[in-house]
Amino acid sequence: MKAASKAAIAALSGVLLLGSCAYFTAGVSANKAMQVKASKNAAKSTKAISEEDKKFIEKEMKRVKELSEKSGDMYILYHKYKELNNGMDISYWGGIDHFKSYEEYLKKVTTLKGSRLQQPSNLPKGYTFSEAKIEGPTEGKFVAEVRTEGKKSGKPLYIKKIDWKEAAAMRLTYTNGKETIAFSKFALDADSTKKKGYYEDELPTHIYPKYVYWQDGKFGYSISTTFDMPKKQKIEILKKAIKK
């Protein structure tokens, strides 16, 4: 899926439904059977985990939650028993900061490496800061390193602090009370389209917000509006919102 489509669909969160009712109906019985089988296997596997290990995991989960909330640091967790973590051996605590003022956002973002989003000087009149968000990385060499360290430790749950210096994503949102203008920076995945220049989303014309994108090879950037705005104007505003 193209980067633009993926980002827009993620932002819409449930507005677009993929697949067909016919396919869903036909697959209900098969899916239900698979779920029952998976549930039974998971139950058997969980029973094999000692009470001591379960108590250790519970204690460590509580500890890392408190650490993250108190310090604001980000942690990566390796789960020996991934059946206790929805089938995944890796999870995270922290790493997402929310800001209610532009000044607080600037304090954090100016300590990071790489490009960042800033308040554009050509923002339309009447729009004021609403909120901001910065997210740490969840992909990179450190994931494989933690898997290796976690397995070697033998612990039911292995926890490691992530000292990250470049954000994987960030978002700035402005509003005039009725409409919204938002700017995003996001990491491009391996199959992202290497499009040149500024380009619009491929969503139907009646669906909002509407996006314009640009990418530098490593990160993608976007401006979205909940109302009609000419593409040329969006491009000029997005240019001012990206600080290299």
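Residues numbered from 1 in each chain as written. Predicted model: local features only at pLDDT ≥ 70, side-chain atom pairs only at ≥ 80, totals over all residues. Heavy atoms only, no water.

(A) Examining the sheet that holds strand β10 (residues 210-215) more closely. The strand order across the open sheet formed by seven strands is β3-β5-β7-β8-β11-β10-β9, and the pairing between neighbours is antiparallel. The open sheet has two edge strands, β3 (96-99) and β9 (199-200), and neither has a second partner. When β9 meets β10, the two strands line up antiparallel, connected through two bridges. Bridge pairing in β10 links Y199 to Y213. (Pairing = 2+ DSSP bridges. Helix = DSSP H or I, 4+ residues; strand = E, 2+ residues; numbered from the N terminus.)

(B) Local environment of the packing of aromatic side chains. For the coordinates displayed, the defined rule picks out 11 aromatic pairs. Their ring planes at 85° and their centres at 6.0 Å tell us that F129 and Y174 sit as a pair that is edge-to-face. With F129 in strand β5 (residues 128-135) and Y174 in strand β7 (residues 169-175), the pair connects residues that are 45 residues apart, well separated along the chain. Residues F129 and Y174 agree in their burial class; the two are buried. Ring pairs connect the aromatic residues F99, Y102, Y105, F129, Y174 and F183, which therefore count as one cluster. (Phe/Tyr/Trp six-rings, centres within 6.5 Å; stacked < 30°, edge-to-face > 60°. Buried < 20%, exposed > 50% of the residue type's maximum accessible area, 1.4 Å probe, protein only.)

(C) Quick peek at helix α6 (residues 231-241). Those residues of α6 that sit buried are K234, I235, I237, L238 and A241. On the buried face of α6, the contacting elements are β4 (116-117), β8 (180-187), β10, β11 (219-225) and β12 (242-243). (Contact = heavy atoms within 4.5 Å.)

(D) Representation of helix α3 (residues 51-71) in the model. Here α3 contains 21 residues, and its C-alpha end-to-end distance of 30 Å stays within 8% of the 30 Å for a straight helix at 1.5 Å per residue. Every buried residue of α3 is listed here: D53, I57, E60, V64 and S68. Axial view of α3: buried residues confined to an arc of 70°, hence all on one face. Turned more than 90 degrees away from the buried face of α3, the exposed residues are E51, E52, K55, E58, K59, K62, E69 and K70. Those residues of α3 that are buried lie in contact with β1 (74-79), β2 (90-93) and β6 (157-162). (Expected span 1.5 Å × (residues − 1). Arc of directions from axis to C-beta.)

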